[in-house]
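So the chains spell out like this:
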Amino acid sequence: MDFHSDYVMTIDGKSAPAEATIEVVNPATGKSFASAPDCSKAQLDAAVASAKAAFKSWRRTPIAERQAMVAKAGDLLIAHAEEMARLFTREQGRPVDAAQQEIAGAGAWMKAVSGMTPPVHVSEDSDTQFIETRYVPLGVICAIAPWNFPVSLAMWKVAPALVAGNTMVLKPSPFTPLCTLKIGEIFRDVFPPGVFNVISGGDDLGPMMTSHPGFAKISFTGSSATGKRVMESASKDLKRVTLELGGNDAAIVLPDVDLDAVAQKIFFGAFFNSAQICVATKRLYVHEDVYDGLRDRLAAIASAVKVGDGAEQGTVLGPIQNKRQYERVMDLLNDAKANDLTLIQGSAIPDNGGYFVPVTIVDNPPENSRVVQEEAFGPILPMLKFSQIDDVIDRANDSEYGLAGAVWSADTDKAVEIARRMETGTVWVNQNLNLRPDTPFGGHKHSGFGVENGMEGLLEYMAPQAVYVARS
Ligand code: NAD
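Residues numbered from 1 in each chain as written. Predicted model: local features only at pLDDT ≥ 70, side-chain atom pairs only at ≥ 80, totals over all residues. Heavy atoms only, no water.

1. Points about empty space enclosed by the protein
Inference 1: Across all of its chains, the model carries 7 cavities of 30 Å³ or more by this definition.
Inference 2: The space that makes up the largest cavity amounts to roughly 80 Å³.
Inference 3: Breaking the lining of the largest cavity down by element, the ones donating at least two residues are helix 12 (389-397) and strand 17 (401-402).
Inference 4: Looking at the lining of the largest cavity, its residues break down into 6 nonpolar, 5 polar and 4 charged.
Inference 5: Space inside the second largest cavity adds up to approximately 60 Å³. (1 Å grid on protein atoms, 1.4 Å probe; cavity = no way out; pocket = protein on both sides within 12 Å on 5 of 7 lines; lining within 4 Å. Points joined across faces, edges and corners; volume = space filled by probe spheres on them. Helix = DSSP H or I, 4+ residues; strand = E, 2+ residues; numbered from the N terminus. Nonpolar A, V, L, I, M, F, W, Y, C, P; charged D, E, K, R; others polar.)

Following this line, the structure appears as structure tokens:
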């Protein structure tokens, strides 16, 4: 397969010709390098109609066969990871090695999910009656993915939705449509026509999808602001929703940590993927006894890390993924400068029209400054001092978000106690960014609605059906 041209949508198992196109920009240069189809209303209708038709037989296909097909799709992703990685880097910005890891990791994730089978609960099995609760699929799923982890976060939806017996229309972000379009083509060899459709388009396509009456459920990953619009749109015909949204994750560092052992982990927990991770550390609360020591170590790592084009050897952190996000991050940076906050910046960035921002640590800003209160989703990390545990837990929890959090300490029991007091869907102790296909992931408060992954995530693509059978 040629990954570097001919990007087409997959509707009903076939290529759908582009009636119009959107431009795709390489964030490391700021220049357009490819175009992707801009799905028309008629093409969306055709995708939904084909998914609806395919649902009739797909839902009756034995689950073992559906699981085997999802596992095969995972294998194909793994097989194509190396070839696809350069395209991933061109559209997303992340260095090639890490791009390949995401694609292969998404394949492995699909294989893990393919091993999951929904339970059947028997509440009575007597002479008079038999009662069981089983789980049935919902119908056609509308899947909308973001640009920060375009392949893995889409496959987190594809695998459980199809194992559960649903069919799908998947839309990648307009900023990163290309790998997903190629995945649509690759999976044509696996799934029957209509089971898995991939469409792409500009800003109008998402709302067109969420208001489409043919969908039974919307599975959305993106910002909290968009998530609220999605939920509002879904309410019109009571579509089910799962929303994976933004976060402003706090990490708490206690005074007993071994700074040399944790500094690298804390740095990359904040800055990996140029900090464009929903569960990245976005507020770093450090006990005053170890504050200076950790700040100096993080600053040293920031100076040593190469920021540049992900296609170049040695690059560790790539650009911000798109111009809109770059402008948002620069706005926060300029606000910090205008308020005379102390900024510690890392290595130099290329000056070539790409969307580069230097790694920036903000040295103990006021709690109410914008860099602390807002989700930066870019490499600006506020470091804040604390002295009292109760106070820092209150500060960590004082957010409309509740996605993830972390506690770092040599005393694991004490750290777990603190972790349990954090108002977030995921908490890590002495680690971060660790997520698994068999463990539910979701946000509290404005960070989400429902969960993905784990049995809980699989069951969000299904509805319980209670079957009562009289025996006498
Ligand atoms: P975004 O909300 O701008 O876009 C996400 C997707 O929604 C895109 O495909 C976009 O085209 C589509 N969209 C935009 N407006 C829409 C509308 N009105 N109706 C339907 N769809 C619409 O988010 P983004 O900028 O791509 O992603 C960054 C955000 O996503 C950050 O806030 C980040 O924290 C969050 N995120 C959350 C998770 C999680 O699992 N909780 C994971 C990754 C990213």
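2. Topic: the packing of aromatic side chains
Inference 1: Evaluated as defined, the whole model comprises 10 aromatic pairs.
Inference 2: Ring centres of Trp147 and Phe377 lie 5.4 Å apart, and the angle between their planes is 70°; on these two criteria the pair is classed as edge-to-face. Separated by 230 residues along the polypeptide, Trp147 in the loop between strand 7 (140-144) and helix 4 (152-163) and Phe377 in the loop between helix 11 (370-373) and strand 16 (380-386) bring together distant segments of the chain.
Inference 3: Phe377 gets classed as buried once you look at its relative accessible area, which sits at 12%.
Inference 4: Taken together, a centroid distance of 5.8 Å and an interplanar angle of 80° make the contact between Trp156 and Phe441 edge-to-face. (Phe/Tyr/Trp six-rings, centres within 6.5 Å; stacked < 30°, edge-to-face > 60°. Buried < 20%, exposed > 50% of the residue type's maximum accessible area, 1.4 Å probe, protein only.)

3. What about helix 7 (residues 224-235)?
Inference 1: Its 12 residues place the ends of helix 7 17 Å apart at the C-alpha level, agreeing with the 16 Å of an ideal helix rising 1.5 Å per residue.
Inference 2: Where helix 7 is buried, its residues contact helix 6 (205-210), strand 10 (217-221), strand 11 (240-244) and strand 17. (Expected span 1.5 Å × (residues − 1). Contact = heavy atoms within 4.5 Å.)

4. Let's talk about unusual backbone geometry
Inference 1: The phi dihedral of Ala275 is positive, around 70°, even though this residue is not glycine.
Inference 2: Mapped onto the elements, Ala275 comes out in the loop between helix 8 (259-271) and strand 13 (283-287).
Inference 3: Positive phi, normally seen in glycine, also occurs at Asn453, with a value near 75°.

5. With respect to the side chain of Arg295
Inference 1: Locating Arg295 in the fold gives a position in helix 9 (residues 291-304).
Inference 2: Residue Arg295 is classed as buried on the basis of its relative accessible area, which comes to 17%.
Inference 3: If sequence neighbours within four positions are ignored, Arg295 has contacts with Ile344, Asp363 and Met383.

6. Points about the sheet that holds strand 18 (residues 404-408)
Inference 1: Read across the open sheet, the 7 strands follow the order 14-15-16-13-12-18-19; overall the sheet is mixed. Strand pairing shows two members of the sheet lacking a second neighbour, strand 14 (342-345) and strand 19 (426-429), which therefore form its edges. Between one strand axis and the next, the sheet turns by 20° as a mean value, whatever way the strands run.
Inference 2: Pairing analysis gives 4 bridges linking strand 12 (residues 250-253) to strand 18, with the strands arranged parallel. Residue pairing in the sheet places Ala251 in a bridge with Ala406 of strand 18.
Inference 3: The sheet strands contacting helix 9 are strand 12, strand 13, strand 14, strand 15 (360-363) and strand 16, and the helix crosses strand 16 at an angle near 165°. (Pairing = 2+ DSSP bridges. Axes fitted to C-alpha atoms, helices over the stretch in contact; angles between N-to-C directions.)

7. Observations concerning the environment of Ala415
Inference 1: Counting through the fold element by element, Ala415 comes out in helix 13 (residues 412-420).
Inference 2: Overall, Ala415 belongs to the buried group, its relative accessible area being 0%.
Inference 3: Between the alpha carbons of Ala415 and Asp438 there is a distance of 24 Å; along the sequence they are 23 residues apart.
Inference 4: Look past the residues within four positions of Ala415 in its chain and what remains in contact with it is Val407, Ser409 and Val429.

8. Description of the environment of Asn248
Inference 1: Within the secondary structure, Asn248 is located in the loop between strand 11 and strand 12.
Inference 2: By relative accessible area, which is 3% here, Asn248 ends up buried.
Inference 3: Note: C-alpha distance between Asn248 and Ser447 (199 residues apart in sequence) is 8.9 Å.
Inference 4: A polar contact of 3.3 Å, which involves the side chain of Asn248, links it to the backbone oxygen of Gln373. (Polar contact = N/O pair within 3.5 Å; in protein donor to acceptor, adjacent residues only side chain to side chain.)

9. Quick look at the site of the ligand
Inference 1: Lining the immediate surroundings of the ligand are 28 residues, of which Ala145, Ser223, Thr226, Leu245 and Glu375 lie closest.
Inference 2: Within the side chain of Trp147, a nitrogen or oxygen atom sits 2.9 Å from an oxygen atom of the ligand.
Inference 3: A distance of 2.6 Å separates an oxygen atom of the ligand from a polar atom in the side chain of Glu375.
Inference 4: In isolation the ligand has 850 Å² of accessible area, and contact with the protein removes 90% of it.
Inference 5: Taking a 2 Å distance to the grid points as the criterion, the majority of the atoms of the ligand fall inside the largest pocket.
Inference 6: Only helix 6, strand 10 and helix 7 provide two or more residues apiece to the shell around the ligand.
Inference 7: Here the shell around the ligand takes 3 residues from helix 6, the largest share from any one element.
Inference 8: Residue classes in the shell around the ligand are distributed as 15 nonpolar, 10 polar and 3 charged. (Near = heavy atom within 4 Å. Areas by Shrake-Rupley, 256 points an atom, 1.4 Å probe, with all protein chains shown as cover. Sits in = over half its atoms within 2 Å of the grid points.)

Take it as geometry only, folks, not as evidence of what the structure does.
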